[in-house]
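Take a look at the letters that make up each chain.
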Amino acid sequence: MPALEIKNLTKKFDGFTAVDNISFSLAKNTVLGFLGPNGAGKTTTIRMIAGLSKSTSGEILINSQKVGFGSTKTNMLIGYLPEQPSLYTWMNGEEYLYFIANIFGIEKTKAQKLIKDKLALVGLKSAAKKKIGAYSNGMKQRLGIAQALVNDPELLIMDEPVSALDPIGRKEVLEIISELKKTKTILLSTHILSDVDRICDEVAIINKGKLIKVSPLTKLKEDYATPVLEIETDSDPEVIVNAFKEQKWVKNIDKNVNKLRIQLVDDTIMKENVPLKLLSQFDIGILKYGLVMPETEELFIDLIKGEKNE
């Protein structure tokens, strides 16, 4: 039984179709990266799954129970972290979680243990009595994760959980998600596609309200990946970049200091050592040379571009 099933889900606003007849399912203890450009329909879909917005048509099931708009039985099965969680800054972290537990009708003795466990999980045990207004952005986001877990949900929905964080806060939150994926089913919406490579098992890509692709991440790369040649040099590789840009077998080049990621049209030129022969023309040291797996960001861009060109 899937943790989440979405069947022919549609949402219209005054004639505008924000979500257009999408269907997919999510197995238990799986992390799904829900991807799409701005305005694609991600947040609208998430709000319908969470019961915060009424669908125009279609069906959403969590553990085979139908999700409805407003207060329904499935509310207890969902934990929701919005992009910008509303936290009452005059409360301390512990008080806020008791407030959330009370909303869910959790008995006080049970709530005490739950709250203690969740604060420890997100690394806020020592800050439990500290006013939320004095929390850093990373601490607030971690408290947001804790509140989404108070009811011990079957499905955890996270909408851009690290988008506003600095590198340290982002690292902390990603470590928590990596731990949660051992026991929770997670729907993760994010624009930071390198995070998808790190923590997601599957991806669903939406654009202009339509679902483009749903696939295990490894299979997506197998089916749609163009080979990527990675080169690292001992000095500025700009002369190499200019030479490779002129080649018909090069699809795209990304340069990061002395590292190059070169998307190839196909890998046949590697078998014939064509790139290596080109490199031999330049007096520059090569520290690294070889094919690597493409990143999700590269696949995402290619799929979205392909959709636009159809």
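Quick look at the structure, then.

So, the sheet that holds strand β9 (residues 202-207)
And step 1. Ordered in space as β6-β7-β8-β3-β9-β10, the six strands form an open sheet in which the pairing is mixed. Both outer strands of the open sheet, β6 (78-81) and β10 (210-216), are each paired with one neighbouring strand and no more. Ignoring which end each strand starts from, the neighbouring axes of this sheet average 15 degrees apart.
And step 2. For β9 and β10, the ladder comprises six bridges, and the chain directions are antiparallel. Bridge pairing in β10 places A204 opposite V214.
And step 3. The strands touched by helix α1 (residues 42-49) within the sheet are β3 (31-35), β6, β7 (155-159), β8 (185-189) and β9, with β7 carrying the most contacts at an inclination of about 150 degrees.

Overview of the pattern of salt bridges
And step 1. Applying the stated criterion across every chain, the model contains 13 salt bridges.
And step 2. Note that K210 and D20 form a salt bridge whose closest N and O atoms lie 2.7 Å from each other. On the criterion of sequence distance, the pair formed by K210 in strand β10 and D20 in strand β2 (residues 16-26) is long-range, its members being 190 residues apart.
And step 3. Taking relative accessible area as the criterion, K210 reaches 42% and is therefore assigned partly exposed.
And step 4. Among the residues examined, D20 registers a relative accessible area of 26% and is labelled partly exposed.
And step 5. The residue K255 makes a salt bridge to E238 at a minimum N-O spacing of 2.8 Å. Of this pair, K255 sits in strand β12 (residues 250-256) while E238 sits in helix α8 (residues 238-245), placing them 17 residues apart in sequence.
And step 6. Through salt bridges with shared partners, one network takes in E230, R261 and K288.

Some words on unusual backbone geometry
Trans is the prevailing form of peptide bonds, just as negative phi is the prevailing case for residues other than glycine.
And step 1. Residues other than glycine seldom take positive phi values, yet D14 does so here, at roughly 50 degrees.
And step 2. Residue placement: D14 occurs in the loop between β1 (4-13) and β2.
And step 3. The exposed category is assigned to D14, whose relative accessible area is 87%.
And step 4. Phi at K208 takes a positive value of approximately 55 degrees, unusual for a residue other than glycine.

Concerning a nonpolar patch on the surface
And step 1. A cluster of nonpolar side chains, contributed by Y88, W90, F99 and I103, occupies part of the molecular surface with about 440 Å² of accessible area.
And step 2. Structurally, I103 can be placed in helix α2 (residues 93-103).

Let's talk about the layout of surface pockets
One simple way to see leftover space: roll a probe sized like a water molecule over the atoms.
And step 1. When its volume is computed, the largest pocket comes out at roughly 610 Å³.
And step 2. What lines the largest pocket is a set of 23 residues, and nearest its centre among them are L52, Y80, I100, F104 and Q147.
And step 3. Those elements giving two or more residues to the lining of the largest pocket turn out to be β6, α2 and α4 (137-149).
And step 4. Top contributing element to the lining of the largest pocket by residue count: α2, with four residues.
And step 5. Across the lining of the largest pocket, the residue classes break down as 14 nonpolar, nine polar and no charged.

Cut-offs applied
- Residues numbered from 1 in each chain as written.
- Predicted model: local features only at pLDDT ≥ 70, side-chain atom pairs only at ≥ 80, totals over all residues.
- Heavy atoms only, no water.
- Pairing = 2+ DSSP bridges.
- Helix = DSSP H or I, 4+ residues; strand = E, 2+ residues; numbered from the N terminus.
- Axes fitted to C-alpha atoms, helices over the stretch in contact; angles between N-to-C directions.
- Contact = heavy atoms within 4.5 Å.
- Salt bridge = Lys/Arg side-chain N within 4 Å of Asp/Glu carboxyl O.
- Buried < 20%, exposed > 50% of the residue type's maximum accessible area, 1.4 Å probe, protein only.
- Patch = residues over 30% accessible without salt bridge, like charges linked within 9 Å, V, L, I, M, F, W, Y side chains within 5 Å.
- Areas by Shrake-Rupley, 256 points an atom, 1.4 Å probe, with all protein chains shown as cover.
- 1 Å grid on protein atoms, 1.4 Å probe; cavity = no way out; pocket = protein on both sides within 12 Å on 5 of 7 lines; lining within 4 Å.
- Points joined across faces, edges and corners; volume = space filled by probe spheres on them.
- Nonpolar A, V, L, I, M, F, W, Y, C, P; charged D, E, K, R; others polar.

Limitation: the analysis is restricted to geometry and does not speak to function.
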